[in-house]
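Geometric and topological summary
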Amino acid sequence: MNEEQNPILAVRDLRMGFANGVRHAQRVLAAVDGVSFDVHAGETLALLGESGCGKSATALSLLRLLPAAGRVLGGEVRFEGSDLLQLPEADMRAVRGGGMAMIFQEPATSLNPVLTVGRQIDEVLEKHLRLTGAAAQARALELLKAVGIADAERRLSEYPFQLSGGMKQRVMIAVALAGNPRLLIADEPTTALDVTIQAQILDLLRRLQAERGMGMLLITHDLGVVAQMAHRVGVMYAGEIVEEAPREAFFTEPRHPYTQKLFAALPDLSRRGGKLETIAGQVPPLSAMPAGCRFAARCPHAWERCREESPAWTDLQDGHRVRCHWVEEQQRGESRHSGESRNPEAHPWIPAFAGVTVAVERLLEVDNLRVHFPIRRGFFQRVVGHVKAVDGVSLELARGRTLALVGESGCGKTTVGKAILQLIKPTEGSAVLDGLELTGLSRRALRPLRRRMQMIFQDPFASLNPRLSVGDIIAEGMSALGVVGRAKELETAIGALLEQVGLPADAAHRYPHEFSGGQRQRIAIARALAVQPELIVCDEPTSALDVSVQAQILNLLKSLQEQLGLAYLFITHNFAVVEYLAHEVAVMYLGRIVERGTVDEVLHSPRHPYTRALLSAVPSPRLDGSPEIIRLPGETPSPAKPPKGCHFHPRCPQAFDVCRVNYPEPRQASPTQVVRCHLVAP
Amino acid sequence: MLAYLLRRLLYAIPILIGVNLITFALFFIVNTPDDMARMQLGVKRVTAEAIEKWKAERGYDKPLFVNAKAPGVDVVTDTIFFSKSARMFVGDFGRAEDGRDITKEITSRMGPSLAIALPTFILGLFVTVSFALLLAFFRATYLDFWGVVLCVAMMSISGLFYIIGGQYLISKLWRLVPISGYTAGLDAWKFLILPVLIGVISGIGSSARWYRTIFLEEIGKDYVRTARAKGLSEITVLFRHVLRNAMIPILTGVVVVIPLLFMGSLLTESFFGIPGLGSYTIDAINAQDFAVVRAMVFIGSVLYIVGLILTDISYTFVDPRIRFE
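Residues numbered from 1 in each chain as written. Chains lettered and ligands numbered in written order. Predicted model: local features only at pLDDT ≥ 70, side-chain atom pairs only at ≥ 80, totals over all residues. Heavy atoms only, no water.

Overview of the overall build of chain B
As a reminder of what qualifies: A run of H or I in DSSP counts as a helix once it spans at least four residues, and a run of E counts as a strand once it spans at least two, with each numbered from the N terminus. It is over C-alpha atoms that the radius of gyration is taken, and the globule rule equals 2.2 Å times the number of residues to the power 0.38. Each residue is assigned to one of three classes by its accessible area relative to the maximum for its type, calculated with a 1.4 Å probe on protein chains only: buried under 20%, partly exposed between the two thresholds, exposed over 50%. In this description, contact between two residues means that some pair of their heavy atoms is separated by no more than 4.5 Å. For the accessible areas, the method is Shrake-Rupley and the probe is 1.4 Å, while residue cover comes only from the protein chains on display. Lys and Arg are tallied as positive, Asp and Glu as negative. Neither His nor the chain termini are counted. All charge positions are set by atom: Lys at NZ, Arg at CZ, Asp at CG, Glu at CD.
When helices and strands are counted, chain B shows 14 helices and 0 strands. Taken from N to C terminus, the helices and strands of chain B fall in the order α-α-α-α-α-α-α-α-α-α-α-α-α-α. On C-alpha atoms alone, chain B measures out to a radius of gyration of 25 Å, which is more than a quarter above the 20 Å that the 2.2 N^0.38 rule sets for 325 residues. Relative to its full complement of 325 residues, chain B shows a buried share of 43%. Nonlocal contacts in chain B, meaning residues at least 24 apart in sequence, comprise 66% of its contacts between residues at least 6 apart. Of the roughly 16,800 Å² of accessible surface on chain B, a fraction of 69% belongs to carbon and sulfur atoms. Both charge centroids of chain B, one from 31 positive and one from 25 negative side chains, sit 7 Å from each other.

Right, dumping it as structure tokens:
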């Protein structure tokens with residue numbers, strides 16, 4: 001951006017930490033250690049990093065909004081001429097929401113549930129612009145229109161619970177803009193949203209920034225979002241910025257080994273069949289930060305100097321700088337160490353699908369599955385309608401194969417998974433596992449079949465009982481289903497399972513809270529594997545995990561499939577994961593599968609307009625990667641009142657007359673690709 | 001909303017019938033009219049005739065549920081259940097053992113009970129919420145720490161101590177207000193001040209500690225961080241954002257007891273000599289007057305059901321997310 005112009009925000013050597021322990025034995029563990037960056041007007045700086053790297057803590061320190069245990073330890077935050085860390089609290093309040101505003105990750109919980117939308121905008125106008133009454137009302141209305149909320153007048157008097165997730169985030173943005181801020185801090189603004197909504201919100205943020213010439217500090221873990229939004233990027237690792245670069249240089253030539261690893265860990269079609277690059281080890285805990293480079297223990301290029309001496313900044317060109325000894329030496333022309341290093345791109349791929357013959361032995365066959373939840377109303381609680389969560393889903397899955405069920409939140413994909421396992425009773429239709437009809441079976445008759453089908457859930461923090469040891473969690477299923485009888489055998493089996501998922505056998509005696517997110521998901525996988533199932537329904541198993549951890553879990557799932565011939569029904573909203581892991585894909589919209597086919601067909605020649613829009617909305621972590629985004633108007637309608645005709649027609653850019661009347665029958669686009677769309681010739 | 005309330009009221013009917021039947025079983029089957037007569041007449045020198053006479057005078061000589069000898073509808077109406085229990089549905093509680101009309105007694109004693117219970121309730125709610133809010137404002141400071149210690153100490157001390165200590169200090173030593181008694185009309189205030197004050201103080205410990213927890217839980221939520229990010233002052237954040245949300249669990253917890261305020265307080269009323277329903281109940285228990293106890297048990301359960309319905313209604317007022325359909 002404009003280098004000669006003064007930055008609106010200049011952060012120098014910011015250090016903050018969290019108080020740990022009780023009163024007298026208290027010490028402060030540094031979570032952000034010497035972070036410096038500038039943000040200019042009209043510029044977006046993205047702070048990229050995995051969970052726990054200190055990026056949110058940095059943002060909250062700027063506004064001095066740290067949680068109770070947080071302490072700013074030093075440094076300088078210069079914003080419009082004053083050092084925010086020295087300001088009295090009363091002056092700081094004029095900055096918050098006025099000069100500098102913030103939007104948060106979770107729009108559902110970040111708005112006050114008992115105040116109207118209008119009230120929540122008004123209080124900013126009142127505080128910072130001294131607007132009240134009709135003037136404030138008019139301004140609030142303008143703001144809602146500016147963030148693209150239809151029917152803004154009505155929305156002013158509504159409560160947050162009456163709005164969809166995307167609209168709530170728009171309201172959050174309106175609240176943030178109300179004080180005419182010069183700097184907007186966006187902390188993972190789209191992480192909780194669906195991709196089509198994410199595309200809308202990112203568009204909106206870009207447009208508003210350009211109109212107002214605001215500076216923006218974007219906190220994210222998503223390389224795709226960075227590619228779309230950022231002018232400059234700062235990569236954070238363990239409380240430090242390790243690389244800073246303009247967008248182009250960052251994507252064409254990332255230099256820090258950590259950044260390179262992050263790119264390599266992204267699942268992608270080009271890596272299909274091979275293993276994903278993972279980062280060995282873990283981020284060092286705050287209590288035991290190494291003296292040298294913090295990434296040294298996990299770095300493929302590290303040598304003694306890295307472990308002893310913290311690297312200083314090495315300037316490359318045009319504002320691209322890196323904190324790395326290896327890069328510094330390369331830069332000085334001493335390629336002494338680069339020789340022994342491995343280029344991450346040169347990772348030996350296992351050739352794609354070599355030797356895997358396409359098994360056709362069908363394991364699971366689902367036909368016309370429906371799950372309808374009744375809506376009851378009135379004095380007699382009559383059934384006045386149904387939420388058709390799943391409305392006629394048919395699919396097949398063969399042994400050793402993965403079918404990805406893709407769709408946005410609320411499309412019914414999780415319900416399909418649960419209904420197949422009979423965890424929810426289907427209203428209609430059949431699910432046949434290896435020739436055995438599952439629907440209509442009694443609990444008792446289902447019990448022996450539970451051995452053959454298992455589920456892995458999304459949130460490894462909530463799905464493991466915190467009061468049971470890991471060993472007990474794994475043993476529970478085995479003893480309930482009579483897989484292993486004697487105690488001695490059980491112990492050996494648990495140890496073997498833990499090793500199979502890459503955990504030490506002695507983990508059995510510990511409790512879930514002692515493990516990180518990725519390790520917990522491994523425990524959940526071991527629990528599912530314990531009864532030796534043939535089918536595993538994986539419900540978004542990696543969406544709560546960081547990219548590098550996600551890569552580990554995906555690799556594990558893939559190798560387990562190769563070893564054990566497992567079939568996966570993989571429920572996800574993440575296309576990158578689909579590309580890497582799945583053989584076939586089914587795309588769901590409002591309770592029905594709208595397109596189904598092999599991975600290549602669906603991802604590379606999608607026929608349904610919804611699939612196309614969904615694919616184009618996924619932010620690509622490349623500079624030129626994303627073609628024009630197909631923007632879908634509005635949001636997914638309620639499954640209680642699906643639109644007449646094709647459910648998708650109100651949002652479809654190509655809808656015509658027939659679409660408004662008839663739901664299209666399945667049409668064969670190729671021997672393996674089935675599409676439900678009038679545009680496809682029957 | 002209306003349909004929902006109607007349904008709730010209809011649900012109340014079987015509950016009340018159940019309560020009525022259980023009370024009936026307790027007072028007439030477990031403790032038979034013969035036992036009652038023996039108790040009233042004195043256990044030692046009592047003859048069978050005297051018992052029969054006592055029962056006949058009070059209508060306890062009839063069969064429990066079915067009077068096979070009676071003509072017509074009297075088969076079911078000329079029974080103990082119908083004359084004693086079923087009539088409670090229409091507010092007819094019959095007579096006490098001393099011959100006084102219970103319904104009349106209850107209506108006249110309601111006033112003094114409410115005169116104590118209502119101010120105690122309102123003032124108590126105000127004081128505890130304010131105290132809890134103060135602790136929440138000064139969270140993680142020494143004030144908060146010692147405030148919680150004080151709460152725990154206050155809730156560990158028996159209510160009797162506050163009553164006796166208060167009477168000794170304020171009435172006996174300082175002679176500010178009378179120790180006990182009651183008078184009708186506006187002059188009642190000097191009899192009410194002490195019991196109300198003691199009622200409020202004895203409730204602070206447990207409630208304030210609980211409300212403080214609710215406030216702290218709300219303060220940790222994301223929307224509070226949003227409110228601070230808007231540049232609002234801590235006081236505004238606390239009153240406009242935190243208090244409103246915290247009032248949802250607080251109000252719904254206290255609304256249920258509002259109807260029960262009519263019942264008065266057993267302990268306070270008997271210690272301060274207030275002629276309310278609480279002391280009425282205590283006296284009836286002492287005098288083994290089961291007609292009165294039965295009436296009070298039944299009224300208590302009716303009021304509790306009313307309280308639960310009021311709680312549901314109050315939800316819709318404090319929480320816009322809840323609309324009953």
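Now, onward.
Quick notes on a nonpolar patch on the surface
Spelled out, the test is: Residues enter a patch when their relative accessible area is above 30% and they make no salt bridge; the linking distance is 9 Å between like charges and 5 Å between nonpolar side chains (Val, Leu, Ile, Met, Phe, Trp, Tyr). When a carboxyl oxygen of Asp or Glu lies within 4 Å of a side-chain nitrogen of Lys or Arg, that pair is called a salt bridge.
Taken together, the side chains of Leu-10, Ile-13, Ile-17, Leu-21, Ile-29, Leu-64, Phe-65, Val-66, Phe-89 and Val-90 of chain B make up a nonpolar region of the molecular surface, amounting to roughly 880 Å² of accessible area. By secondary structure assignment, the location of Phe-65 of chain B is in the loop between α3 (48–58) and α4 (74–77).

Describing the sheet that holds strand β9 (residues 232–237) of chain A
Note: strands within a sheet are paired through backbone hydrogen bonds, in either parallel or antiparallel orientation. All names here are of chain A. To be explicit about the condition: Only strands joined by at least two bridges in the DSSP assignment are considered to pair. Whenever a helix is involved, its axis is fitted only over the stretch in contact; in every case the axis is a line through C-alpha atoms, and angles between N-to-C directions fall within 0 to 180 degrees.
Strand order in the open sheet made by the 8 strands is β6-β7-β8-β3-β9-β10-β12-β11, with mixed pairing throughout. Pairing within the sheet leaves two strands with one partner each, and these edge strands are β6 (100–103) and β11 (313–315). Shown here is a sheet whose adjacent strand axes are inclined to one another by a mean of 20°, direction ignored. Alignment of β9 against strand β10 (residues 240–246), held across 6 bridges, turns out to be antiparallel.

Quick look at the packing of helix α6 (residues 102–137) of chain B against helix α9 (residues 189–219) of chain B
Residues and elements named next belong to chain B. We apply this condition: Crossing handedness is read from the near helix: turned anticlockwise from the far helix by less than a right angle, it gives a left-handed crossing, and turned clockwise, a right-handed one. Classification used: nonpolar for Ala, Val, Leu, Ile, Met, Phe, Trp, Tyr, Cys and Pro, charged for Asp, Glu, Lys and Arg, polar for all others including Gly.
Between α6 and α9, the shortest axis-to-axis distance is 6 Å and the interhelical angle comes to 40°. Here α6 runs over α9; the crossing is right-handed. A class-by-class count of the residues in the contact of α6 with α9 yields 22 nonpolar, 6 polar and 1 charged.

Thoughts on the nonpolar core
Worth spelling out the cut-off: To define a nonpolar core, start from buried Ala, Val, Leu, Ile, Met, Phe, Trp, Tyr and Cys residues and group those joined through side-chain atoms within 4.5 Å.
One finds Leu-9, Phe-37, Leu-62, Met-100, Ile-121 and Leu-144 of chain A to be the most contacted residues of the largest nonpolar core, which totals 154 residues. Ignoring anything within four residues of it in the chain, the contact list for Met-100 of chain A reads Leu-9, Leu-62, Leu-63, Phe-79, Leu-84, Val-95, Pro-181, Leu-183 and Ile-185 of chain A. One finds Phe-93, Tyr-280, Ile-299 and Leu-303 of chain B within the second-largest nonpolar core, a separate group that totals 36 residues.

As for the interface of chain B and chain A
Filter applied, for reference: Take the accessible area each of two parts loses on contact, using a 1.4 Å probe, and add the two losses: that sum is the buried area.
Contacts between chain B and chain A engage 26 residues on the former and 29 residues on the latter. Buried area between chain B and chain A, summed over both chains or domains, comes out near 2,600 Å², and the portion from carbon and sulfur atoms is 59%. There are 2 salt bridges connecting chain B and chain A. The salt bridge involving Lys-230 of chain B is made with Glu-123 of chain A; its shortest N-O contact spans 2.7 Å. Looking at side-chain class alone, the side of chain B that touches chain A contains 10 nonpolar, 5 polar and 11 charged residues.

Concerning unusual backbone geometry
All names here are of chain A. Positioned with a positive phi, Asn-180 is a non-glycine residue whose angle comes to about 50°. Here Asn-180 shows up in the loop between α7 (165–177) and β7 (183–187). Residue class for Asn-180 comes out partly exposed when judged on its relative accessible area of 31%. In the Ramachandran plot, Gln-532 falls in the positive-phi region, its phi being about 55° despite a non-glycine side chain. Its place among the elements puts Gln-532 in the loop between α18 (517–529) and β19 (535–539).

Considering the sheet that holds strand β23 (residues 667–668) of chain A
All names here are of chain A. The 8 strands lie next to each other as β18-β19-β20-β15-β21-β22-β24-β23, forming an open sheet whose pairing is mixed. The open sheet has two edge strands, β18 (453–456) and β23, and neither has a second partner. Looking at chain direction, strand β15 (residues 402–406) and strand β20 (residues 567–572) are connected through 5 bridges and run parallel. Paired with Leu-405 across the strands is Ile-571, a residue of β20. Its contacts with the sheet put α18 on β18 and β19, and the angle it makes with β18 is roughly 170°. Docked against the sheet, helix α19 (residues 547–564) engages β15, β18 and β20, running at close to 155° with respect to β20.

Digging into helix α10 (residues 222–229) of chain B
Side chains that are three or four residues apart share a direction in an α-helix, a result of its 3.6 residues per turn. Residue and element names in this part refer to chain B. The buried fraction of α10 amounts to 6 of the 8 residues, a majority that puts the element mostly inside the structure. Among all positions of α10, only Tyr-223, Val-224, Thr-226, Ala-227, Arg-228 and Ala-229 are buried. Taken from the residues just after α10, Gly-231 is the one with a positive phi, measuring 90°.

Thoughts on helix α22 (residues 609–617) of chain A
Residues and elements named next belong to chain A. The element α22 is extensively covered by neighbouring structure, given that 7 of its 9 residues are classed as buried. Regarding α22, the residues found buried are Pro-609, Tyr-610, Thr-611, Ala-613, Leu-614, Ser-616 and Ala-617. As for α22, its buried residues are in contact with α8 (195–212), α20 (575–581), β21 (584–589), β22 (592–598) and α21 (599–604).

As for the pattern of salt bridges
If you walk through the whole model with that rule in mind, you get 59 salt bridges over all chains. Across the salt bridge formed by Arg-323 of chain A and Glu-240 of chain A, the nearest N and O atoms sit 3.8 Å from each other. Of this pair, Arg-323 of chain A sits in strand β12 (residues 321–323) while Glu-240 of chain A sits in strand β10, placing them 83 residues apart in sequence. Note on accessibility: Arg-323 of chain A and Glu-240 of chain A belong to one class, buried. Residues Glu-52 of chain B and Lys-55 of chain B are paired through a salt bridge, measuring 3.7 Å at the closest nitrogen-oxygen approach. Here Glu-52 of chain B and its partner Lys-55 of chain B are both found in helix α3, 3 residues apart, which amounts to about one turn of the helix. Through salt bridges with shared partners, one network takes in Arg-305, Glu-309, Glu-328, Glu-329 and Arg-332 of chain A.

Thoughts on the side chain of Thr-316 of chain B
Residues and elements named next belong to chain B. Note the following rule: Contacts described as polar in this section are N or O atom pairs within 3.5 Å, which, within protein, must combine one atom able to donate a hydrogen with one able to accept it, while residues neighboring in sequence count only if both atoms come from side chains.
Looking at the element boundaries, Thr-316 is found in helix α14 (residues 290–318). The exposure class of Thr-316 is buried, given its relative accessible area of 10%. A polar contact of 2.6 Å, which involves the side chain of Thr-316, links it to the backbone oxygen of Ile-313.

A closer look at the confidence of the model for chain B
The condition that has to hold: Per residue, pLDDT captures the predictor's confidence, and it can take any value from 0 to 100.
Taken residue by residue, chain B gives an average pLDDT of 88. The fraction at 70 or more is 99%. The ipTM assigned to the predicted complex is 0.84, against a pTM of 0.85.

Focus: the packing of α6 of chain B against helix α11 (residues 234–255) of chain B
Residues and elements named next belong to chain B. Using the following cut-off: Roughly parallel means an angle under 35 degrees; roughly antiparallel means over 145; roughly perpendicular covers 65 to 115; every other angle is labelled oblique.
Where α6 contacts α11, the two axes come as close as 11 Å, and the packing angle between them is 135°. Between α6 and α11, the angle is such that the two are oblique. Between α6 and α11 the crossing geometry is right-handed. Residue-level contacts link Phe-121, Leu-125, Val-129, Leu-133 and Phe-137 of α6 to Glu-234, Ile-235, Leu-238, Phe-239, Leu-243, Ile-250 and Val-254 of α11. Class assignment of the residues belonging to the contact of α6 with α11 gives a composition of 11 nonpolar, no polar and 1 charged.

Some words on the environment of Phe-648 of chain A
Residue and element names in this part refer to chain A. Along the chain, the position of Phe-648 falls in the loop between α22 and α23 (657–661). Linking Phe-648 and Leu-111, residues 537 residues apart in sequence, is a C-alpha distance of 30 Å. Beyond its immediate sequence surroundings of up to four residues, Phe-648 is in contact with Tyr-589, His-608, Pro-609, Tyr-610 and Leu-632.

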